[in-house]
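Fold and geometry: a report
Here is how the chains run, residue by residue.
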Amino acid sequence: MVLPPVPLSLPPPKIAKDAAKASKRIHQENFQPIVPQTLTQLLGFPNMEVTHFYIEEQEGSQYLHLVCDHQQDVALCPRCQQAATSGYDHKTRSVRHLDVFGMRTIIHFEKRRFDCEVCGTPFSELLSWIEPKRRQTRAYEQQIYERVKKRPANKWP
Ligand SMILES: [Zn+2]
């Protein structure tokens, strides 16, 4: 008895073909030089700057750690919409983000709490790229959601 060949999970051929044509499609002047702000631009979190990185080897996997710093010392109070400048407290958080170059990526940042001088209530700063109290970024959650959506129901998990 001959067993049917095991299907290889290769990416669709269109992707590799598109990559091969990229040098003709993209004009030379569109390529930008790498500068200190490049990682910050590629990450694309508003008002966050990537300041440090570290590649960690753990049990045969590579982890890319990116340390981000806030570019502004103010945050909008969610109650009265006034800018608050005085810090209440902060703690360092580490959350999962999309893989970069095949490395599992962890974002380190300060979760800040502010004291609103106008309404007098402390509040946690809201960030557009992560929901409050989550352990992963919105982009990472979106990727997981897309994968689950594409998977046929009878092949779970
Ligand atoms: Zn307020």
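An account of the accompanying structure is given in this report.

Considering helix α4 (residues 138–150)
The terminal C-alpha atoms of α4, which comprises 13 residues, lie 18 Å apart, in line with the 18 Å expected from a rise of 1.5 Å per residue. Counted residue by residue, α4 has 1 buried out of 13 residues, so it is predominantly exposed.

Some words on the pairing of strand β2 (residues 61–70)
Inspection of the sheet shows strand β1 (residues 48–58) paired to β2 by 10 bridges, in the antiparallel sense. Counted as the bridge partner of glutamate 56 is tyrosine 63 from β2. Between the end of β1 and the start of β2, which pair antiparallel, lie 2 residues, with glutamate 59 showing a positive phi angle near 50°.

Structural notes on the nonpolar core
The biggest cluster of nonpolar side chains holds 7 residues, and these are Leu43, Phe45, Met48, Leu66, Cys68, Ile107 and Phe109. Mapped by element, the contributors of at least two residues to this core are β2 and β6 (103–115). Contacts of leucine 66, omitting those with residues within four sequence positions, involve Leu43, Val50, Phe53, Thr105, Ile107 and His108. In this structure, Ala75, Ala84, Phe114 and Cys116 belong to the second largest nonpolar core, which totals 5 residues.

Here is what the cut-offs are and how they apply
- Residues numbered from 1 in each chain as written.
- Predicted model: local features only at pLDDT ≥ 70, side-chain atom pairs only at ≥ 80, totals over all residues.
- Helix = DSSP H or I, 4+ residues; strand = E, 2+ residues; numbered from the N terminus.
- Expected span 1.5 Å × (residues − 1).
- Buried ≥ 20, exposed ≤ 12 C-beta atoms within 10 Å, placed from the backbone.
- Pairing = 2+ DSSP bridges.
- Core = buried A, V, L, I, M, F, W, Y, C linked by C-beta atoms within 7 Å.
- Contact = placed C-beta atoms within 7 Å.

Functional significance is not addressed by these values, which are geometric in nature.
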